[in-house]
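Residue-level structural notes
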Amino acid sequence: MVNIAITSYDIGIPPMFKNVGGFLHLSPQEYQNILDNFNSWGITEFNIIGGEPSIHADFDEILKLTNKFANKNPKAKINIYTNGYNLSNYIHLLGLNTNIVL
């Protein structure tokens, strides 16, 4: 299984954003390039991780690209590892073959 860290930002205690990995966010274009490579390599299973993925500035676009990938790959298995923060804003964008892991 392959992990894609789309952001290094996480939620601190008290709730505030903090950069824990040294990079900001993977751009939607960079994410699409990864998915294109996965298609050419035959990779259909991966995890979306962070920091906290749901605070990515373009998380809605990331989910849309993920859905396109899953639609092209019916056997895809995609897990989003999250603490659930902010996820309610995006639940309507989750597609087939995408699982939430809390």
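Residues numbered from 1 in each chain as written. Predicted model: local features only at pLDDT ≥ 70, side-chain atom pairs only at ≥ 80, totals over all residues. Heavy atoms only, no water.

So, the overall build of the protein
Which entries qualify depends on this criterion: Only runs of H or I of at least four residues qualify as helices and only runs of E of at least two qualify as strands under DSSP, and these elements are numbered from the N terminus. Computation of the radius of gyration draws on C-alpha atoms, with the globule rule given as 2.2 Å multiplied by the number of residues to the power 0.38. Any residue under 20% of the maximum accessible area for its type is buried, any over 50% is exposed, and the rest in between are partly exposed; the area is computed with a 1.4 Å probe on protein chains only. By definition, residues are in contact when any of their heavy atoms lie within 4.5 Å. Reported accessibility uses the Shrake-Rupley method at a 1.4 Å probe radius. Residues are deemed covered only where the shown protein chains occlude them. We score Asp and Glu as negative and Lys and Arg as positive, and we do not count His or the chain ends. Lysine's charge is taken at NZ, arginine's at CZ, aspartate's at CG and glutamate's at CD.
Scanning the protein for helices and strands turns up 2 helices and 6 strands. Sequence-ordered secondary structure for the protein, helices as α and strands as β, is β-β-β-α-β-α-β-β. Radius of gyration (C-alpha) of the protein: 13 Å, near the 13 Å computed for a compact globule of 102 residues. Taking the principal axes of the C-alpha coordinates as reference, the protein spans close to 40 × 25 × 20 Å. Burial analysis of the protein (102 residues in total) assigns 36% to the buried set. Taking the contacts inside the protein whose residues are at least 6 apart along the sequence as the reference set, 63% of them involve residues at least 24 apart. As presented, the protein carries roughly 5700 Å² of accessible surface, and 53% of it is formed by carbon and sulfur atoms. Taking the average place of the 6 positive charges on the side chains of the protein and the average place of its 8 negative ones, the gap between the two points comes to 8 Å.

What to know about the packing of aromatic side chains
For the record, the criterion: Centres within 6.5 Å make a pair out of two Phe, Tyr or Trp rings, where for Trp the six-membered ring is used; the pair is then stacked when the planes are under 30 degrees apart, edge-to-face when over 60, and tilted otherwise.
In the structure shown here, the tally under the stated rule is 3 aromatic pairs. Centre to centre, the rings of Phe59 and Tyr90 are 5.0 Å apart; their planes meet at 85°, and the pair counts as edge-to-face. In this pair, Phe59 sits in helix α2 (residues 59-72) while Tyr90 sits in the loop between β5 (77-81) and β6 (98-101), placing the two residues 31 residues apart along the sequence. An aromatic cluster is present here, built from Phe38, Phe46 and Phe69 joined pairwise through their rings.

Focus on the nonpolar core
Keep this limit in mind: As used here, the term nonpolar core means buried Ala, Val, Leu, Ile, Met, Phe, Trp, Tyr and Cys residues forming a set that is joined through side-chain atoms within 4.5 Å.
Ile6, Tyr31, Phe46 and Phe59 are the most contacted members of the largest nonpolar core, which has 20 residues in total. Those elements giving two or more residues to this core turn out to be α1 (28-41), β4 (45-49), α2 and β5. Here this core takes 6 residues from α2, the largest share from any one element. Not counting chain neighbours up to four residues away, the residues in contact with Ile6 comprise Phe23, His25, Leu26, Tyr31, Ile48, Ile49, Pro53, His56, Phe59 and Ile62.

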